[in-house]
Amino acid sequence: MEQLILEIQTYAAARGVLPTTVVQRAIGASGKTWFKWTEGGSSCSLHTADKLRAYMRDNPVGNGPVSARDANTGEAA
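Residues numbered from 1 in each chain as written. Predicted model: local features only at pLDDT ≥ 70, side-chain atom pairs only at ≥ 80, totals over all residues. Heavy atoms only, no water.

Visitor: What is the right way to look at the packing of helix α2 (residues 19-27) against helix α3 (residues 31-39) in this model?
Guide: When two helices pack together, their arrangement is captured by the angle between the axes and the distance separating the axes. At their nearest, the axes of α2 and α3 sit 8 Å apart, and the two run at 115 degrees to each other. Between α2 and α3 the crossing geometry is right-handed. Of the residues in α3, those touching α2 at Pro 19, Thr 20, Val 23 and Ile 27 are Gly 31, Trp 34, Phe 35 and Trp 37. A class-by-class count of the residues in the contact of α2 with α3 yields six nonpolar, two polar and no charged. (Axes fitted to C-alpha atoms, helices over the stretch in contact; angles between N-to-C directions. Helix = DSSP H or I, 4+ residues; strand = E, 2+ residues; numbered from the N terminus. Left-handed = near helix turned anticlockwise from the far one by under 90°. Contact = heavy atoms within 4.5 Å. Nonpolar A, V, L, I, M, F, W, Y, C, P; charged D, E, K, R; others polar.)

Below, the structure is given as structure tokens:
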């Protein structure tokens, strides 16, 4: 879980957004989910981790702010 958290933090910093934004866009979870993960109160399933990584892979850092992109298609909003 620590590795996934680091990946999300690194991606979010490179995009100029909060990690909670990445989680929300990638899997539709609330900001509370991110805080539970970082505080050790819960963890995600492998399926969820795969979805997060796929989102980050499909929306590379050089493609503009994540908040301006549609999470499902990658098209500009």
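The structure having been displayed, the exposition proceeds.
Visitor: I keep staring at helix α1 (residues 2-15) and nothing clicks. Help me out?
Guide: One turn of the α-helix equals 3.6 residues, which is why residues spaced by three or four share an orientation. Taking 1.5 Å as the rise per residue, α1 with 14 residues should run 20 Å; its terminal C-alpha atoms sit 20 Å apart, in good agreement. Taken together, the buried positions of α1 are occupied by Leu 4, Ile 5, Ile 8, Tyr 11, Ala 12 and Arg 15. The buried side chains of α1 occupy one side of the element, clustering within an arc of 135 degrees when seen end-on. Exposed positions of α1 whose direction lies more than 90 degrees from the buried face are Glu 2 and Ala 13. Tucked inside the fold, the buried residues of α1 contact α2, α3 and α4 (46-58). Just downstream of α1 lies Gly 16, where phi reads positive at about 75 degrees. (Expected span 1.5 Å × (residues − 1). Buried < 20%, exposed > 50% of the residue type's maximum accessible area, 1.4 Å probe, protein only. Arc of directions from axis to C-beta.)

Visitor: Would you explain the side chain of Asn 59 in this entry?
Guide: Take Asn 59: it is sitting in the segment after α4. A distance of 2.9 Å separates the side chain of Asn 59 from the backbone oxygen of Tyr 55, its partner in a polar contact. (Polar contact = N/O pair within 3.5 Å; in protein donor to acceptor, adjacent residues only side chain to side chain.)

Visitor: What's the story with the pattern of salt bridges in this structure? I'm lost.
Guide: Two side chains that carry opposite charge are able to pair once their charged atoms sit near each other. Per the counting criterion, the structure on display carries two salt bridges. Between Arg 53 and Glu 7 there is a salt bridge, with the nearest N and O atoms lying 2.7 Å from each other. Residue Arg 53 is located in helix α4, and its partner Glu 7 is located in helix α1; the two are separated by 46 residues in the primary sequence. We classify Arg 53 as partly exposed; its relative accessible area is 32%. (Salt bridge = Lys/Arg side-chain N within 4 Å of Asp/Glu carboxyl O.)

The values reported here are purely geometric and, on their own, carry no functional implication.
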